[in-house]
Amino acid sequence: MIHSLFAIFIFPGFLFLCVISLAAEFIDRKVYARLQNRVGPPWFQPLADMIKLFGKEDIMPEEANPLMFKGLPIFALAAVATAFLYIPLWSPESLFSFDCDIIVVLYLLTLPTIAFFLAGWYSTSLYAMIGAIRSLTQLFAYEVPLFLGVLAPAIIANTWSLSGLIAFYRIHPVLAACNMLGFFVSIIALQGKLEKVPFDIPEAETEIVAGSFTEYSGRLLAMFRMAIAMELVVGASLFSAVFLPFGFGLPLAGAIAAYIVKIVFIILLSCLIRTLFARMRIDQMVEFCWKYLAPIALTQILINLLIKGMVL
Amino acid sequence: MAKVTIPIGPQHPSLKEPESFSVTIDGEKIISMTMKLGYNHRGIEKACEERTYLQDMYLIERICGICSHTHSTCFIQAVEEIAGLEIPRRAAYIRSLVGELERIHSHLLWLGVAGHEIGFDTLLMYSWRDREIVMDLLAMLTGNRVNYAINTIGGIRRDINADNIRDILKAVDTLEERTKYYIQIATQEVTLIQRLSGVGTLSFEDAKRLGAVGPTARASNLPRDTRKDDPYAAYGELNFKVVTDTHNDVYGRTLVRVGELMESYAIIRQILTNLPDGPIAVKAPRKIAPGEATSRYEAPRGEDLHYVKSNGSDKPERVKVRAPTLANLQSVSKMLENGYLADFPIVIAAIDPCFSCTDRMIVGVHHPDGELAGAMDWKALRTYSIDWYKKNRGVNFKIKA
Amino acid sequence: MTIEQDIQQTLIQQFPFLDGKCTVKRARRLSATVDYAQFRTLFDFLADKTDFCILCTITGLDEGEQLSFIYHLAREDGVMIDLKTSVPKTNPIIKTVFDRFPAADIYERELIDLLGTQVEGLNPGRRYPLPDTWPIDEHPLRKDWKEKEA
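Here the structure is a predicted model, which means the values were calculated and not measured.

Scoring rules and cut-offs
- Residues numbered from 1 in each chain as written.
- Chains lettered and ligands numbered in written order.
- Predicted model: local features only at pLDDT ≥ 70, side-chain atom pairs only at ≥ 80, totals over all residues.
- Contact = placed C-beta atoms within 7 Å.
- Helix = DSSP H or I, 4+ residues; strand = E, 2+ residues; numbered from the N terminus.
- Nonpolar A, V, L, I, M, F, W, Y, C, P; charged D, E, K, R; others polar.
- Buried ≥ 20, exposed ≤ 12 C-beta atoms within 10 Å, placed from the backbone.
- Core = buried A, V, L, I, M, F, W, Y, C linked by C-beta atoms within 7 Å.
- Expected span 1.5 Å × (residues − 1).
- pLDDT = per-residue confidence, 0-100.
- Pairing = 2+ DSSP bridges.
- Axes fitted to C-alpha atoms, helices over the stretch in contact; angles between N-to-C directions.
- Arc of directions from axis to C-beta.

Contact residues are listed per partner, giving 26 residues for chain B and 23 residues for chain A. Contributing elements (two or more residues each) for the side of chain B that touches chain A: strand 1 (3-8), helix 4 (89-117), helix 5 (121-142), helix 7 (190-196) and helix 13 (344-350) of chain B. With five residues, the top contributor of residues to the side of chain B that touches chain A is helix 5 of chain B. Considered class by class, the residues forming the side of chain B that touches chain A number 14 nonpolar, seven polar and five charged.

Structure below.
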């Protein structure tokens, strides 16, 4: 019992996730800055930002529904933190692994987006409302390619559990290379989930101020920011388990090092995408996802089915 | 979703200066747009009537922080025309030189702002980094990064020497190389082209009918350029071409501006090679004979127009400023028709609006009976804030009488 | 004959009352003065027949007894004419040229706010450039206007 609580809240649960999220945010911001020819923030900047936000006053619009307005940031944070518990980080088994946990993780990662939508909706502000609608529109565009991309490796492995997946690819490491199309699709779709360029449409500051978060301030905003920072780490961890299932058999120190290398690699990829592109328009984004991402993801599924039928 | 009207401004992240737009949208489509200008009205035209010509020049330079040389030169040209002063050729060349450096810094600034408006912050960081090179050059030549104050009635204040020329030529080479890279980005980057082409279209006929000026007009293939049409300073002796484009959209306006950067580098090289020797200013009288003159100048944003009327004293009778943005506002409404909300910021940015220029002029808003409808005056606001802190924070500020 | 003189001759031929009131000030600059009664005919002639297709701006002047307006018209080749007309200050009414030049809208609103001109035929719209709270009868660019003490 005590051991479980420690695992959930301290290590490798919530607190640990907070720490690596802030570290991940720092890497993201620093690399983004260096790629743009800027100096970038010092290492403690994400933490300082959080402390500052937590110290600020919470302002709530008079019209807003207080329960929803205050509850949603916690809801988003909890959903992401829970998803983290089901992902194998360096040991081949996750903390609470069970059959079909990959599906649960994917749905838990959808929850924050729903929370962003509801938060915008219940803020009763025009900017927030438009941002909320954009969040939801975008969700329907990137979610299907993301799910298809992440589930494709599971088709070969013939299991819906992350630990099963890792066990399978430990036996057949070469087959992991077949999932690169899915990896590519997922990384791009992740940008939509994280609401980052080129899919930062829901919070496009030059159009709708801060989208769903326009009315948020202080602690509540800090929680949303934290949830997004965590989403990056959780997403990267999920991808590293699904697409880069290496290093799990190493001794503990080596396994941890492998984990760090993998998620930093994924964060760098995400950062590079952020640097290279301009923000798309919502109609262009939906078109792009359905015209290119979804067919590529389907191709990946097809390839995997063929491999499964012919090779295994 | 039903039709909603969202306010953009007076304070909004996409606007660098306060102006208020009300955009009615249906889903993501813009149905209509109304604007309220005048937030930057500072009473400069009125203030000019109470100052001497030389003081006015410094005041007018502060109409705008970006095209400050534009306004001061345009004003000075009108004054010199009334006074019948012929400025030395060297002064004319140096005025053109500073004007072109200003154009480069303004266009690089625009490129960054445009990048930011479409969420391409990398472009913003790159072009603003390069803009620093020009700013340093301007600081070296004139002593200031903005509001250069190089003009004076009858010529210019500061001469340039061989060292300056060498530094400028070196910097221009660097800038040219970087600009080539931006041209490459503008013609190859997919998301950039997708976000810019077909957005904010303004046909040739509309541009002509609505009186568009500057790069906005030139991107609709309308070759309006005051430097060519009505040469001033040294432009009559310089060889350059007017960059036009047939895209008619924001993408075209980007290409025109980047193309103009390349032209400006060529112009600067010509100026420095052909720089005549001689004095840099002629003596100007303190009082200007009665008369009037209209002066035009091609600002980075388009044609700037100043009208000056003198009454024989040392102060002008009337100064009128028409900044390029004002001429382009009608075109903006046209460009936004049937556009997307997401394109609103970039369409507005594409005319390179300068609302400070546009509004120019306030002297202080005082209602005749001393109170303002719906607004707090300074004293009431102060009392309110002190009460608020007393009530909510337990802090008691002393009011000094 | 230069192009400016050419335009000058055309104008005087068409409108004999311009004789002596239309001058060439320098290269590419003409100026003309006209009574308000004949203003619109001359204005349309300039715009339609002599290619003055750009309305640069309208300058308003307070000249004591009367308010004067200078319509700065330009051609694509850079020739520019300053067309000046006046109305009495006691009855400062002009008609809009918005129908001919859409850009005139904002210039005319400026005349209303700053000089107290009345412009007939202007579409309803928000005032420019003074704020909505500014008193409607105060016109800062009138020479007799003084800033009121708070």
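We now examine unusual backbone geometry. With an omega of 5°, the peptide bond running from Val197(A) to Pro198(A) counts as cis. With respect to the helices and strands, the residue Pro198(A) is situated in the loop between helix 8 (180-193) and helix 9 (205-208). Following Tyr128(C), the chain continues to Pro129(C) via a peptide bond in cis, the omega torsion being -5°. Following the sequence through the fold, Pro129(C) ends up in the segment after strand 7 (118-120). For Asn248(B), which is not glycine, the phi torsion reads 65° and is therefore positive. Along the chain, Asn248(B) falls in the loop between helix 10 (226-229) and helix 11 (250-273). Positive phi outside glycine occurs at Asp51(C), with the angle close to 65°. Tracing the backbone through its elements, the reader meets Asp51(C) in the loop between helix 2 (36-49) and strand 3 (54-63).

Turning to the interface of chain C and chain B, a few remarks are in order. Counting from both sides, the interface comprises 33 residues of chain C and, opposite them, 37 residues of chain B. Contributing elements (two or more residues each) for the side of chain C that touches chain B: strand 3, strand 4 (66-74) and strand 5 (80-88) of chain C. Sorting elements by how many residues they give to the side of chain C that touches chain B places strand 3 of chain C first, with six residues.

Along the chain, Ile81(C) turns up in strand 5. When the C-alpha positions of Ile81(C) and Cys56(C) are compared, they lie 10 Å apart, and in sequence the two are 25 residues distant.

A few words on the environment of Ala229(A). Residues and elements named next belong to chain A. Within the fold, Ala229 resides in helix 10 (residues 218-242). What makes Ala229 buried here is the crowd of 25 C-beta atoms within 10 Å. Between the C-alpha atom of Ala229 and that of Pro153, which follows or precedes it by 76 residues, the distance is 26 Å.

In this section: the nonpolar core. Residues Val80(A), Val347(B) and Leu73(C) are the most contacted members of the largest nonpolar core, which totals 247 residues. Looking at this core, the element that brings in the most residues is helix 10 of chain A, giving 17 residues. Excluding residues that lie within four positions of it along the chain, Val80(A) makes contacts with Pro112(A), Ala227(A), Met230(A), Glu231(A) and Val234(A).

This part is about helix 3 (residues 104-115) of chain C. Residue and element names in this part refer to chain C. The first and last C-alpha atoms of helix 3 sit 16 Å apart over 12 residues, in line with the 16 Å expected at 1.5 Å per residue. Of all 12 residues in helix 3, 10 are buried; the element is thus mostly enclosed. What helix 3 keeps buried is the set Ala104, Ile106, Tyr107, Glu108, Arg109, Glu110, Leu111, Asp113, Leu114 and Leu115. Of the residues trailing helix 3, Gly116 is marked for its positive phi of about 70°.

This part covers the confidence of the model for chain B. Averaged over every residue, the pLDDT of chain B is 84; residues scoring 70 or more account for 93%. Counting contacts from residues 361-373 of chain B, a segment whose pLDDT is below 50, to residues more than four positions away or on other chains yields 30 contacts.

Here the focus is the environment of His72(C). Assignment of secondary structure puts His72(C) in strand 4. With 23 C-beta atoms counted inside 10 Å, the residue His72(C) sits in the buried group. Taking the C-alpha atoms as reference points, His72(C) and Pro102(C), 30 residues apart in sequence, are found 15 Å from one another. Other than its neighbours up to four places away in sequence, His72(C) contacts Thr294(B), Leu305(B), Cys56(C), Thr57(C), Thr59(C), Met80(C) and Asp82(C).

Before going further, it helps to examine the sheet that holds strand 6 (residues 291-299) of chain B. All names here are of chain B. In space, the three strands of this open sheet follow the order 6-7-8, with antiparallel pairing throughout. Looking at the sheet topology across the chains shown, the edges are occupied by strand 6 and strand 8 (316-322). Looking at each pair of strands side by side, their axes are set apart by 15° on average, direction ignored. In the packing of helix 3 (residues 68-83) onto the sheet, the strands contacted are strand 6, strand 7 (302-310) and strand 8, and the crossing angle to strand 6 comes to about 150°.

Turning our eyes to something else, we now look at the pairing of strand 3 of chain C. Residues and elements named next belong to chain C. Within strand 3, nine of the 10 residues are buried, which leaves it mostly tucked inside the rest of the structure. Pairing of strand 3 with strand 4 involves nine bridges; the strand directions are antiparallel. Residue pairing across strands places Ile54 opposite Ala74, the latter belonging to strand 4. Between the end of strand 3 and the start of strand 4, which pair antiparallel, lie two residues, with Gly64 showing a positive phi angle near 75°.

Time to look at helix 2 (residues 53-61) of chain B. Residues spaced three or four apart along an α-helix point in a common direction, a consequence of the helix completing one turn every 3.6 residues. Residues and elements named next belong to chain B. Residues of helix 2 that are buried include every one of Tyr53, Asp56, Met57, Ile60 and Glu61, and no others. Looking straight down helix 2, one finds that the buried residues subtend no more than 135° of arc, so they occupy a single side. Contacts made by the buried residues of helix 2 are with helix 1 (44-48), helix 3, strand 4 (151-152) and strand 8.

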